[in-house]
Each structure stands twice: as structure tokens, then as C-alpha cells.
Amino acid sequence: MKLSDVMSAMRLETYAEIAMVLFMLAFAGVVYQLLRRRNVAEFEHARQLPLSEDLAPTPLSEEK
Amino acid sequence: MPMSARAEKFTYDDAIVRKFAFATIIWGLVATLAGLWVALIMVVPALSFGQPWLTFGRLRPLHTNAAIFAFAGNAVFAAVYYSTQRLLKTRMFSDGLSKFHFWGWQAIIVAAAITLPLGITQSKEYAELEWPIDIAIAVVWVAFAINFFGAIAKRRERHLYVAIWFYIATVITVAILHIFNNLVVPAGLFKSYPIYAGVQDAFMQWWYGHNAVAFFLTTPFLGLMYYFLPKAAGRPVFSYRLSILHFWSLVFLYIWAGPHHLHYTALPEWASTLGMLFSVMLWMPSWGGMINGLLTLRGAWNRVSQDPVLKFFVVGITFYGMATFEGPLLSIKSVNALSHYTDWTIAHVHSGALGWNGFMTFGMLYWLAPKLFQTQLWSKKLAEIHFWIGTLGILFYIVAIYAAGVTQGLMWRAFDETGRLAYPDFVETVVRIIPMYWVRVFGGSLFVAGVVLCLVNLLMTWKHRPKTYEEPVHEAPPLGAYAGTDPKPTVPAHPTMVSFAYQLRYFIDAAWHRVWERRPLKLSVWVAVSVVVASLFEIIPTFLIRSNVPTISTVEPYTPLELAGRDIYVAEGCYNCHSQMVRPIRSETERYGEYSKPGEFVYDHPFQWGSRRIGPDLHRVGGKYPHLWHLRHMDDPASTTQGSLMPPYPWLAQTELDFASIQPRVDAMAMLGVPYGKDVLAGQAEQTARAQASQIATELQQQGGPAGLESKQIIALIAYLQRLGTDIKRAPPAERNPELTAQSQPAGGQ
């Protein structure tokens, strides 16, 4: 008996589909979290980062 | 401000960025010149002058590797080293590692430029480099990773900008891809066999190949875009939220899409359907990214007409959108049936490589030049000219090659009214597209001319640099240990269940979000987990399900001589022009014969399915012609087939076959589980090979060929070609005389 016999007996090919569904769910979760998120200030801070190097560096105190 | 008391002073390492920037443009010239050369010898094969190292099969990998790893690679490193330091407000982790990374990478490129023309190759596309170089790549990549993550660890800006996320995904995923696709058993210093065979090897290769496009040519360039586009436009990215969405969707979806390279092959149905589904879903994030990039310029469009940097970026991002629209389209099986193995794929790749990677790189270089050399760009005008001829060059190239691809695809599948192939002679479909190949040469020349202008412009800018570079000193407080700044929730007095819900909300709101957002380690782990898990679910079934590769009782290992011939086939890069995969499509079975079965490839280390048919499929070529035909055809293809574009291989009939190297090859294969039986006994392999060689040489002579070829390379190659695809036509072992099984295949002497 080989590992491949066991795996074949388990019909592992369907597992790829199960994994796909799980991935879709995880992805949907990420999207949901992202859209739901109200912390606009943090995004705004990050968004300005490439431009901020010419300005004064962000002091820690501004990070909330 | 009590904070300022703690501020630290630091400088950025721009010397390393200057190095990478120069390497980028110099290798860019080498890569595009090599491309122009292979485009030219494709139409004029005689230009290889009978020199092995000047033939298409050996130089095409040089072109692709130079474009991806030398040009795009150095561009990525320039972008990473420049932007990472600034986004994290720190110097790189170690100047020593930076230098090691730079020189190590250049040494690898030089090694590639030497070994590939010599025919030292693993024959897996974009993973051709042999095992010693692969080890060097792994070492240099680890040095880069330490340098990069070290910089993240000592950063002074808590928040990781999304560009850094893209870089993290690149560093991690490329390491995983590189290692797993290059697991080989060496059969000498410059020869190895992959541990996978046939279907599984093909699967690993395209899992790698596709994700190399994703994580070497897409994610780091998106990082580049998200940093340099706002810089050049002077305004922040349109939507930060969208950029994060873009990131996660690529990480989640891309890794699944590899099997779309293998539609209608011997790959199991479920796998290629999965590949197709995920590829189509990739539409969404890719277009989100493109729109995000273009909208960043809203209100700044008047500046685009003034600024060559922005022009390059706009066209680059547009090509990103076009190529990522087309990619999923090509992954749809019915489209793929037409497009695969034709020049359509080549056109697709070049709209991505020249348009997206090339133009983003040029834009970045022109933006960086004044900053790095602390003077004005030498000539804005020249940069403008570069932009226009570059754009024209791409258009000529891709329009011609799309036309070539579609033309050839349609000709292959055309039937006449009697139900027979309309173009049974493959070479007819080759000759038809030669004019388009000339247009490609023209378009390619324009693009190369643009690269030359860029090089000149950068050199002249560099000449006007100040005597000593100014090194501005920056100041920022250190980050210190992350102590969590979220206020603890005040949990109201509630029954247990409700307060548990509050706790959960706290966990989700604070820990979950912020960890993702702020903790690079966690981010990296998530990327790695999602890549590894997706890969495993994709790959494991292919390896462990019996029904995926049903064994065929008549399929046997290659004889030692055939194995040596196969290795010549690999070394000469025949796979760059020939597939070995007859798809189960009527036009193909009509043209080539029985379609290919997974079980036929179980001893193919590495697989040779190929990805492009510049010449016909060879999987059923065994027995199709007499030996003598092959001898003449290999010596001068045009002599047997008028209009052939195949390069002549005269040296194969002159060069001695290295019989002594056959034993270690057979031994290495035996180590991989290929049942060689008595051939692996010391000395046996060589003896068996010599016996078969003299038999074929005799048959050749009987057919009217020259004498004295039994020790030449051509004999091994003919042995291999005559064996190809013939196993399934044989009677099952029980009915066969066991004496005959060790013999070579009867040569079709029709």
C-alpha cells in the first residue's frame, strides 16, 4: 500500500475545490474587513507616505 | 516636543541604487539586443553560421532570462532599495549585504550569459539555469531577504506603505517558487534531472512559470508603481483602500492560476478548470489596480503632456491593464485551443514585458536620474523621443505578432470541404507568417534604439554629476518596541456571552486589523501561508492521485543512448520551437496522430512539452521518417523541407558523443526511480549505448547514408527522435519477445 493509494481512495481531487471555496471565503473576509473599516485617518496617513519624505518625518505622537 | 530629543540621524544609501540603475539599463540593452538577434535568426537561420552557440534554441533562453532576471530584476532592486529606505525612514539593514546582493546578482547573470549559449540548461522556461547557479541564486536571494526584512525591523515609520507589502510578497514567494521548481538530482557539474517527471514536472514548471510572472514581473512592479507614480505626479495614490484590495486579491488569486498554461494537455481536467476560474477572477484586481494608477493622475493630466516620466507611467499602466485583460482571456479553454503554441502568446508576453515592465522601468529611471546624480536630466527631449519610438516599436511588434499568431492558429485547424486538413504541410503555416516576423524585427529595432537613447541620457546625466554627492541627513525618532496603542475596551457588565462578544470584537477590531496593518511579520506569514496552502492544494493531488497519471504497460524508460540523445535535444533547446504534446483536438490528431497520454511521460525528467510550435509537434515523430531523412534534415533543414526556418545543426554529425558521461546520467535517472535494471551496473550503460549506436549507424548506411557515424552525437539524437511517442503503439509486454525489449525501436523505413 502506498500513500498514493490512500490519497486516491480519499478522492483527493475534490479537496482542491474545497480549498478553492475556503480561499474564496477568506478573500471575501478580507474584502469585507477592508470595506467595513472606518479608520480613514490611518489610510490617509499611509497614503501620504511616499510624499512625506520631503516633509518632516512623521513623529510618533501622530501615530495613534 | 519631547519626541525630538529622541530623534536619530541617518542617511540613505543611494550608491547602491545608482549601481542597480546602471545595471538595469546596461542589461536592458543586452536583453533587447539578444531579443532582436533571435528575431532575426528566426527569419534568417543561416545567420547562425553553423555555430552552435548562435542558434535560436540556445539564444532564446538567453534573451528571456536576460529580460526577466537581468533587466527587470535589476530594475526591481533599484526600486526596492530606493523606496524602501525612504518609506521606512531607515538605511538598508547592511551596506555589506547590499553590495553582496548587487555583485552576486551580476555574477549570476554573467554565469547565465556564458552557460546558456553553451547549451547548459535545465530546459524549464525561465528556470533554465543549472543547479550550481540555482544555488547561487538562492544564496543571493536570502541575502536580499535579510537586508530587506532587516530594514523593516529597524524602521522608523511604523506604518508599512502598500508598496512594501508588494515587495514582501515578492521576496517570500520568489524564494518558494525558485526552490521547489529547481529540485534536481545532479548528473555532473553542469547536468541535472528534475525529481519530477512528465505531468508533474510540467505542473511544477508552470506553477513556477506563471507565478514568476506574478511575483517577479507583477507585484514588485506594482510596488514600484505605488511609490514612484505618486512621487512623479506629486499627489498621493487615488485610493489607498483599493490598493490594499489589489494586493490581497493578487496574493489570494494569482497562485492558483498556473494550470491555465496546460489546457488540453495531459494535465487532469479539474486542475486546468481551476486554473481557468482563478485566472478569470484576476480580471477584477488587475483592472482595479490600473484604474487606481490612472486616477492618481486626475487633475494632473496637463502635466503628462510635459513630463516624459508620467508618459512612460501612463502607457506602462495601460499595458498592465491590457495584458491582464488578455491573460484571463487566454486562459479560457476555447480561446486557448486557438492561441496556445502560436505567436499569440508571444505577443501577449511582449505587451506585458515591453509595455508594462519596460515602460515602468524607463519612467522610474528618468525620474531617478536627477535625484541619484544630483543634477538635471541631461536631455528631456531625448527622453521624449525614447518614449515615442519605444511606443511605436511595441505597437509594430505586437500587432504583427498577434496577426502571426491568429493566422497560424487558424491555419493549423482549418479543414477543407472534404474534411481533410487544409494545410497538411506544416511548413506552409510557417512561410505564411514570415512577413510578420520581419515587421517584428523592425518594431524590435525601434525599441532597442529607445533603450540606447536611455543609456546615453543616463550616462550624460551621470557625467554632469557633482564632484561629491551630497548626503542629506534625515532625522526621525526610533520606533521602539510595539506596545499596542489601542485603548483596552471597557467591557460593560454583561452576561458572559455578551462580554465574550465584546472581547471578540476587540480582537477583530484591534488585534486583527492592526496586526495585519502594522506587523510585517504577520503580513509575511499570511502571504506565505496563502501561497503555500494554495500551492499544496493545487499540487498534491497531481502527485498523489493514481488516476491522474494512469500507467501504460508498454511505456518503458529510454535506452541509455536515447537518454543521451534526449539530453542533446534539451541542450540544443529544441523545445523552444517544438512541442511534444498532441492535444485531444481533431485538427491535431489529424495532423500528428494519437493524442498524448499522461502515462507516456512518466520517465520524462524533465518534461519537453514546450510552449510554442515554431516547428511541428514532435511527440509522434518516432518512426515517421527513415534515419537518413533525419540526418539530412538536421544537417540542413532546407534541403528536405523547402522554406524551413529550422537552424542547421551540421556539428551534430561531426561531434563525438561523450559515451563516458552516459553512465552517470543513467545512474542519476535510476536514483529518481526510473527502472533501469541492469543498465545501472557500472559500465553497462555505455556498452548498451554503443551497441544500439552501431545498429542505428548500420541501418543508416543501408539507407544510403555515410559510414562512420556510430560515435557521433547525431546517432543518439536520431535514436531519441525515432523512439518518441512509439511506446503506446507496441504490443503489451506479455505478448512480446523479451529479447527485443532492450533493442532500439524499429526505424520506420518507409
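Each residue is numbered by its place in its chain's sequence as written, counting from 1. Ligands are numbered from 1 and chains lettered from A, in the order in which they are written. Predicted model: local features are reported for residues with pLDDT of at least 70 only, side-chain atom pairs are reported and counted for 80 or more only, and whole-chain, interface and lining totals are derived from all residues. Side-chain figures throughout are based on the complete set of non-hydrogen atoms in the structure, without hydrogens or water.

1. Points about the pattern of salt bridges
Residues and elements named next belong to chain B. What counts is decided by this rule: Whenever a carboxyl oxygen of Asp or Glu lies within 4 Å of a side-chain nitrogen of Lys or Arg, that contact is scored as a salt bridge. Under the scheme used here, helices are H or I runs from DSSP no shorter than 4 residues and strands are E runs no shorter than 2 residues, and both carry numbers assigned from the N terminus. Remark: exposure states derive from per-residue accessible area (1.4 Å probe, protein chains only) relative to the maximum for the residue type, with buried under 20%, exposed over 50%, and partly exposed in between.
Scanning the model with the defined rule gives 25 salt bridges over all chains in all. Note that Arg 613 and Glu 588 form a salt bridge whose closest N and O atoms lie 2.7 Å from each other. On the criterion of sequence distance, the pair formed by Arg 613 in the loop between helix H21 (586-592) and helix H22 (627-635) and Glu 588 in helix H21 is long-range, its members being 25 residues apart. What makes Glu 588 buried here is its relative accessible area of 4%. Notably, a salt bridge pairs Arg 613 with Asp 617, separated by 3.5 Å at the nearest N-O pair.

2. Looking at the nonpolar core
Residue and element names in this part refer to chain B. We count it as follows: In this description, a nonpolar core means a group of buried Ala, Val, Leu, Ile, Met, Phe, Trp, Tyr and Cys residues linked to one another through side-chain atoms lying within 4.5 Å. All the domain ranges listed were derived from an automatic or database domain assignment. Contact criterion: two residues are considered in contact whenever any of their non-hydrogen atoms come within 4.5 Å of each other.
Residues Trp 105, Phe 228 and Phe 362 are the most contacted members of the largest nonpolar core, which totals 180 residues. Among the elements that make up this core, the one with the highest residue count is helix H2 (residues 56-88) (18 residues). Shared between two domains, this core holds at least three residues of each, these being domain 1 (11-463) and domain 2 (560-731). Apart from residues lying up to four places away in sequence, Phe 362 is in contact with Ile 25, Phe 71, Phe 312, His 386, Phe 447, Val 451 and Cys 454. Core analysis: the next-biggest nonpolar cluster, separate from the first, contains 46 residues, Ile 568, Val 621, Ala 697 and Ala 719 among them.

3. With respect to a nonpolar patch on the surface
All names here are of chain A. Formally: Note on patches: the residues involved have over 30% relative accessible area and no salt bridge, like charges join within 9 Å, and the nonpolar side chains Val, Leu, Ile, Met, Phe, Trp and Tyr join within 5 Å. Calculation of accessible area relied on Shrake-Rupley with a 1.4 Å probe; when residues are assessed, cover is drawn exclusively from the protein chains displayed.
Together, Ile 18, Val 21, Leu 22 and Leu 25 make up a nonpolar patch on the protein surface, roughly 390 Å² of accessible area in all. Its place among the elements puts Val 21 in helix H2 (residues 13-36). For Val 21, a relative accessible area of 45% gives the class partly exposed.

4. What about the packing of H22(B) against helix H26 (residues 713-723) of chain B?
All names here are of chain B. Rule in force here: Lines fitted to C-alpha atoms define the axes, with helix axes restricted to the stretch in contact, and inter-axis angles between N-to-C directions lie between 0 and 180 degrees. Small angles under 35 degrees read as roughly parallel and large ones over 145 as roughly antiparallel, with 65 to 115 read as roughly perpendicular and the rest as oblique. Here a crossing is taken to be left-handed if its near helix is turned anticlockwise relative to the far helix by less than a right angle, and right-handed if that turn runs clockwise.
H26 packs onto H22 with a crossing angle of 120° between their chain directions and a minimal axis gap of 10 Å. As far as their axial angle goes, H26 and H22 are oblique. Crossing handedness for the pair H22 and H26: right-handed. Along the contact surface, H22 presents His 627, His 630, Leu 631 and Met 634, while H26 presents Ile 714, Leu 717, Ile 718, Leu 721 and Gln 722.

5. Quick word on the packing of aromatic side chains
Residues and elements named next belong to chain B. Condition: The aromatic pairing rule takes the rings of Phe, Tyr and Trp, using the six-membered ring of Trp, and pairs them if the centres are within 6.5 Å, calling planes under 30 degrees apart stacked, those over 60 edge-to-face and the rest tilted.
Within the structure shown, the criterion is met by 55 aromatic pairs over all chains. Between Phe 144 and Phe 148 the ring centres are 6.2 Å apart and the planes differ by 45°, which places this aromatic pair in the tilted class. Taken as a pair, Phe 144 and Phe 148 lie in helix H4 (residues 131-153) at a separation of four residues, close to a single helical turn. As far as burial versus exposure is concerned, Phe 144 and Phe 148 are alike and both buried. Residues Trp 283 and Phe 325 carry aromatic rings whose centres are separated by 5.2 Å and whose planes lie at 40° to one another, so their mutual orientation is tilted. You can see Trp 283 sitting in helix H10 (residues 283-296) and its partner Phe 325 sitting in helix H12 (residues 308-331), a full 42 residues away along the chain.

6. Re the confidence of the model for chain B
Residue and element names in this part refer to chain B. We count it as follows: Each residue gets a pLDDT score, which is the predictor's confidence in that residue and runs from 0 to 100.
Per-residue pLDDT for chain B has a mean of 88; in total, 88% of the residues score no lower than 70. Scored below 50 in pLDDT, residues 481-487 shows 10 contacts in the model against residues more than four places distant or in partner chains. With pLDDT under 50 throughout, residues 512-517 is counted as low confidence; its partners more than four residues away or in other chains account for 29 contacts. This prediction of the complex comes with two scores: 0.89 for pTM and 0.78 for ipTM.

7. Considering the side chain of Arg60(B)
All names here are of chain B. Within the secondary structure, Arg 60 is located in helix H2. Take Arg 60: its relative accessible area is 15%, and that puts it in the buried class. Residue contacts for Arg 60: discarding those within four places in its chain leaves Val 38, Glu 125, Tyr 126 and Asn 576.

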